[in-house]
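Descriptive analysis of the structure
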Amino acid sequence: MKTTADAEQGMQRNQASGRDTRAAILTRAIRANVPLRKTFVQANRGAKSRPGPLSGFVTGRDLRGLRAYLMIVAACSNGDNGWSTTHDSAVWARLMDIHETASPQSARTGAWRALRRLKERNLIECSRVGTMIKVTLLREDGTGKAYDRPKGDTEENRFLQIPTTFWTQGRDELLSLPGLALFLVVAREKHWATFPAEWAPEWYGWSPDTHERGLKQLVELEYVQARAFRKKAPLAPLGFTIAQQYQRALITRPRRAPKKTTAPTLG
């Protein structure tokens, strides 16, 4: 005869996890990669201030909010429901893994509060009817403008891409806030770019220490590759200094869309 403990373990095995929930949302969105405007990370050259909305998550230590926001972009940016998605507050809580450390009611409340913080940052609109919460995506630059899918045709519409395997394989779950922020920074640039920590406050809005910790974690997890190179320095004793370049590893790069095959015609 099964004990109560055995029954409880069986129920837990049959209950969806946060990763299961994120995977289900991505499956419904039907996409291999998620587009995100580069202005979320950093404003374009010539702007009065370079840090984008991402800096607010880092300085506010809001890892939960950042992870939730990226999933909302993934869920809404296909446009099937007018850039919106609606779920029960318990589903939102599970999406953010709040259910793991809170009671069911506290998890629901925590999810609503996290979404409200995103609304205050002018990144989404959200409304609640009973236990159902509807979220509508706004433009990623934090201006509060209506969202439209970035096409890459103008500087304001340049975008980076995050493969859905980043979530379905649990890679997001291993990253700290600095690690996730620097992942987006590296994803924003071309292959083998430099990211000097001394420029982090001006370019991205966080400290050099945060910057270095994020890059270090990405390299340790093998999400990003690093290589040293010589940088000309006329006033240095050797005439050069050693700097680092970074690029995304294959496991975190955008996935190529499968080639369309044409069915053979019968003669």
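Please read these numbers as outputs of a predicted model, since none were measured by experiment. (Residues numbered from 1 in each chain as written. Predicted model: local features only at pLDDT ≥ 70, side-chain atom pairs only at ≥ 80, totals over all residues. Heavy atoms only, no water.)

Here we look at the pattern of salt bridges
Applicable threshold: By salt bridge we mean one thing: a side-chain nitrogen of Lys or Arg within 4 Å of a carboxyl oxygen of Asp or Glu. By definition, any uninterrupted DSSP run of H or I lasting at least four residues is a helix, any uninterrupted run of E lasting at least two residues is a strand, and each is numbered from the N terminus. Note on classification: 1.4 Å probe, protein chains only; a residue is buried when its accessible area is under 20% of the maximum for its type, exposed when over 50%, partly exposed between these limits.
Applying the stated criterion to the full structure yields 15 salt bridges. Linking Arg37 and Asp148 is a salt bridge whose minimum nitrogen-to-oxygen distance equals 2.7 Å. One end of the pair, Arg37, is in strand β1 (residues 33-37); the other, Asp148, is in the loop between β4 (132-137) and β5 (159-163), and 111 residues separate them in sequence. For Asp148, a relative accessible area of 32% corresponds to the partly exposed category. For Arg108, the salt bridge goes to Asp88, with nearest N and O atoms at 2.7 Å. Here Asp88 lies in strand β2 (residues 84-88) and Arg108 lies in helix α6 (residues 104-120), a separation of 20 residues in the sequence. Within the structure, one salt-bridge network assembled from shared partners comprises Arg19, Arg22, Arg67, Asp97, Asp172 and Glu173.

Some details on helix α8 (residues 177-188)
Our working definition: Take the residue count of a helix, subtract one, and multiply by 1.5 Å to get its expected span.
With twelve residues, α8 should reach 16 Å at 1.5 Å per residue; the first-to-last C-alpha distance of 17 Å fits that figure. The element α8 is largely enclosed, with a buried count of twelve among its twelve residues. When we look at burial in α8, the residues that qualify are Leu177, Pro178, Gly179, Leu180, Ala181, Leu182, Phe183, Leu184, Val185, Val186, Ala187 and Arg188.

Some points on unusual backbone geometry
The phi dihedral of Trp83 falls on the positive side, at around 65°, and the residue is not glycine. Counting through the fold element by element, Trp83 comes out in the loop between α4 (63-76) and β2. You can call Trp83 partly exposed: its relative accessible area is 21%. A positive phi angle, near 65°, is found at Asp97, a position not held by glycine. Mapping Asp97 onto the fold places it in the loop between α5 (89-95) and α6. Overall, Asp97 belongs to the buried group, its relative accessible area being 14%.

As for the confidence of the model for the protein
So the rule is basically this: Values of pLDDT, ranging from 0 to 100, describe the predictor's confidence in every residue of the model.
Considering every residue of the protein, the mean pLDDT works out to 89; 91% of them sit at 70 or more. Mean pLDDT across the elements of the protein ranges from a minimum in helix α1 (residues 4-13), with 53, to a maximum in α8, with 98.

A few points about the pairing of β1
Selection criterion: When DSSP locates at least two bridges between a pair of strands, those strands are taken to pair.
Within β1, five of the five residues are buried, which leaves the element mostly enclosed by the surrounding structure. Here β1 shows a buried face lined by Asn33, Pro35 and Arg37 and a second buried face lined by Val34 and Leu36. Bridge count for β1 against β5 is five bridges, and the pairing is antiparallel. Bridging from a neighbouring strand, Arg37 pairs with Phe159 of β5.

With respect to the packing of aromatic side chains
For clarity, the threshold we go by: Two aromatic rings from Phe, Tyr or Trp, using only the six-membered ring of Trp, form a pair when their centres are within 6.5 Å; if the ring planes differ by under 30 degrees the pair is stacked, by over 60 it is edge-to-face, and anything between is tilted. Counting as a charge over the ring demands two things of the Lys NZ or Arg CZ atom: a distance within 6 Å of the ring centre and an angle within 35 degrees of the ring normal.
Tallying each qualifying case throughout the model produces ten aromatic pairs. Note on Phe57 and Tyr69: the rings are 6.4 Å apart at their centroids and 25° apart in plane angle, and the pair reads as stacked. Separated by twelve residues along the polypeptide, Phe57 in helix α3 (residues 54-59) and Tyr69 in helix α4 bring together distant segments of the chain. Accessibility classification places Phe57 together with Tyr69 in one group, the buried group. Members of the aromatic cluster, joined through ring pairs, are Trp199, Trp203, Tyr204 and Trp206. Lying across the ring of Tyr147, Arg37 places its NZ or CZ 5.7 Å from the centre. The ring of Trp112 has Arg128 lying over it, and the distance from NZ or CZ to the ring centre is 4.3 Å.

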